[in-house]
Amino acid sequence: MNSVQSIVSCLDGYDPDALAVDKAREAIRACLTPVDKIERVPVREALGRVLAQEIVPAIDVPAHDNSAMDGYAVRFADLNPGSEATLREIGAAFAGRKFDGSVGAGECVRVMTGAVMPAGADTVVIQEVVRAEGGGVVVPAGQKAGQHLRRAGEDLKTGVAVLHPGQLLRPAELGLIASLGIGGVAVKRRLRVAFFATGDELATIGAPLKVGEVYDSNRYTLHGMLSRVGVEIEDLGVVRDDPAQLEAAFRKAASGADAIVTTGGVSVGEADFIRRLMAQLGEVLFWKIAMRPGRPMAFGRIGKAALFGLPGNPVAVMVTFYQFVRDALLYMSGRSGDYSLPLLKVPSAGALRKVPGRTEFQRGILARDAIGEWSVRLTGQQGAGVLRSMSEANCFIVLEHGRGRVEAGELVSVQLMEGLV
Ligand code: AMP
Ligand code: MG
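Here's what I pulled together on the structure shown here. Predicted, not measured: the structure shown is a model, and the values here were computed from it.

Among the residues of helix 3 (residues 171-179), those classed as buried are E173, L174 and I177. Buried residues in helix 3, looked at end-on, bunch into an arc of 105°, giving them a common side. More than 90 degrees from the buried face of helix 3, the exposed residues found are P171 and A172.

The next thing to look at is the packing of helix 5 (residues 243-256) against helix 6 (residues 272-281). Contact geometry for helix 5 and helix 6: axes closest at 11 Å, N-to-C directions at 35°. Considering how the two elements wind past one another, helix 5 and helix 6 form a crossing that is right-handed. Counting all contacts with helix 5, which are made through P243, L246, E247, F250 and R251, the residues of helix 6 involved are F273, I274, L277, M278 and L281. For the contact of helix 5 with helix 6, the residue count by class is 8 nonpolar, no polar and 2 charged.

Relative to the elements of secondary structure, Q362 occurs in strand 21 (residues 359-368). For Q362, the side chain forms a polar contact with the side chain of E360, separated by 2.7 Å. If we skip the residues at most four places from it in the chain, Q362 touches L352, R353, L378, Q382, C395, F396, I397 and L399.

All right, on to the pattern of salt bridges then. Applying the stated rule across the entire model yields 23 salt bridges. R49 is paired through a salt bridge with E39; the nearest N and O atoms lie 2.8 Å apart. In this pair, R49 sits in the loop between strand 1 (38-42) and strand 2 (66-67) while E39 sits in strand 1, placing the two residues 10 residues apart along the sequence. By relative accessible area, which is 34% here, E39 ends up partly exposed. Between R189 and D258 there is a salt bridge, with the nearest N and O atoms lying 2.9 Å from each other. With R189 in the loop between strand 10 (184-188) and strand 11 (192-198) and D258 in the loop between helix 5 and strand 15 (259-263), this residue pair connects regions lying 69 residues apart in the sequence.

Look at helix 2 (residues 21-31) against helix 7 (residues 314-332): their axes get within 10 Å of each other, and the N-to-C directions meet at 30°. Relative to helix 7, helix 2 is oriented roughly parallel. Read as a crossing pair, helix 2 and helix 7 show a hand that is right-handed. Between helix 2, through V21, A24, R25, I28 and R29, and helix 7, the contact on the second element is made entirely by Q323, F324, D327, A328 and Y331. Across the contact of helix 2 with helix 7, the residue classes tally to 6 nonpolar, 1 polar and 3 charged.

Strand order in the open sheet formed by 6 strands is 6-3-5-4-8-7, with mixed pairing between adjacent strands. Each end of this open sheet is capped by a strand with a single partner; those strands are strand 6 (123-126) and strand 7 (131-133). Pairwise comparison of adjacent strand axes, ignoring direction, gives a mean angle of 45° for this sheet. Bridge count for strand 4 (residues 85-93) against strand 8 (residues 136-139) is 3 bridges, and the pairing is antiparallel. The partner of T86 across the bridge, within strand 8, is V138.

One can find V162 in the loop between strand 9 (149-150) and helix 3. In this structure the C-alpha to C-alpha distance between V162 and E54, which are 108 residues apart in sequence, comes to 7.4 Å. Each residue touching V162, except ones within four places of it in the same chain, is listed here: I55, P57, L156, Q167, L176 and L180.

Turning to the site of ligand 1, a few remarks are in order. Near ligand 1 you find 15 residues, and of these E201, D216, S217, E270 and G312 are the closest. Here an oxygen atom of ligand 1 sits 3.3 Å away from a polar atom, N or O, in the side chain of S267. A distance of 3.3 Å is found between an oxygen atom of ligand 1 and a backbone nitrogen or oxygen belonging to N313. Class assignment for the residues of the shell around ligand 1 results in 5 nonpolar, 7 polar and 3 charged.

On to the sheet that holds strand 11, then. What the 6 strands build is an open sheet, ordered 14-11-15-19-18-16; its pairing is mixed. Where the open sheet ends on each side, the last strands, each with one partner, are strand 14 (232-239) and strand 16 (283-288). Direction aside, the axes of adjacent strands within the sheet are offset by 15° on average. Bridge count between strand 18 (residues 296-302) and strand 19 (residues 305-310): 5 bridges; the pairing is antiparallel. Within strand 19, the position partnered with F299 by the bridge is F308.

Calculation rules
Residues numbered from 1 in each chain as written. Chains lettered and ligands numbered in written order. Predicted model: local features only at pLDDT ≥ 70, side-chain atom pairs only at ≥ 80, totals over all residues. Heavy atoms only, no water. Buried < 20%, exposed > 50% of the residue type's maximum accessible area, 1.4 Å probe, protein only. Helix = DSSP H or I, 4+ residues; strand = E, 2+ residues; numbered from the N terminus. Arc of directions from axis to C-beta. Axes fitted to C-alpha atoms, helices over the stretch in contact; angles between N-to-C directions. Left-handed = near helix turned anticlockwise from the far one by under 90°. Contact = heavy atoms within 4.5 Å. Nonpolar A, V, L, I, M, F, W, Y, C, P; charged D, E, K, R; others polar. Polar contact = N/O pair within 3.5 Å; in protein donor to acceptor, adjacent residues only side chain to side chain. Salt bridge = Lys/Arg side-chain N within 4 Å of Asp/Glu carboxyl O. Parallel < 35°, antiparallel > 145°, perpendicular 65-115°, else oblique. Pairing = 2+ DSSP bridges. Near = heavy atom within 4 Å.

If you want it as structure tokens, here you go:
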């Protein structure tokens, strides 16, 4: 395993004291390895897991040509292009109950949606346009050859791989796997993430709040964010700014987890021993990232586990989690493809303060105005400690590194929190 320092120092433009957001993401990626262990699970349990095999259909779906509508299966050659044709009804086919005979010249078969196409027929005429007359079925002019048919294999084709290793299994994929008659799949092992909050000022729920204390909220946002990412979590509680307790917590975390997430202790104002201790227990870099909120962050390795030392401020925890930790954990989980958060452009309802030279993640509310057009506005106070801003927001307004002040009506990038938080 190469050292973290040797990997990151090879990246162009790497500067730990003024690290651009994209560079930090790239540096983190370069140091991580995806899990390789695989397990088999029943289809339902595969929800939210990462597929570890190709899914290659052994059957066509649908398995037979079948009717897409309720109506009549006919031979197109029996119809008249410019006038009505009268056919003789010789039977019926239902979904799951096929017609055993074959459709001959001048004949038709009543078919329900999903019924296997009777032999000899090639076209379906919907029931709404035909009429019964003198014991016959009258079909109007204007039908198209092969209409209202679902072809065998039009959904999935025998032998053509449809899902690939690294794909996230969502409800659609569970259904797709089931449609092939497959009862279980190979998935990657779930990632294990241990986390704790550090700080002498932190009170835990249940204890009265003393002067100068705050209730620890970071472990609760982390619990929520990590759960949504789909990893196994281990909550190691609140750890005092005390060398022995911190060391024990780091060792415990590193013994079983693939990744460790901590909050607090990485800013310049913190007791130096915390940073020294982290650096002693493994290989840890301290970064100043050109972003707001969330400037200080530690990244590295303790034992085999990746370490994400997030700042202490509650909003900074959430922003650094979504901008760095989420991406890193998905990568480590073995996901393939592009899972970066989409950036959408919308007009800003008001002017936004911003100075070039850092990426800002302001908390925004994306909403429709009186005439139904979407625009984004700020949630109000944007301090790194104002967690209410995250609760009120439904998106981040991402103001790019080089950008300055934004005037009302200018387009800005937003990242939706829906489906994320
Ligand atoms: P730090 O990065 O440790 O200097 O913390 C920065 C700010 O975040 C301080 O005002 C802390 O009180 C606050 N803070 C740190 N950890 C937590 C936590 N677990 N829950 C709530 N606030 C915290
Ligand atoms: Mg602290």
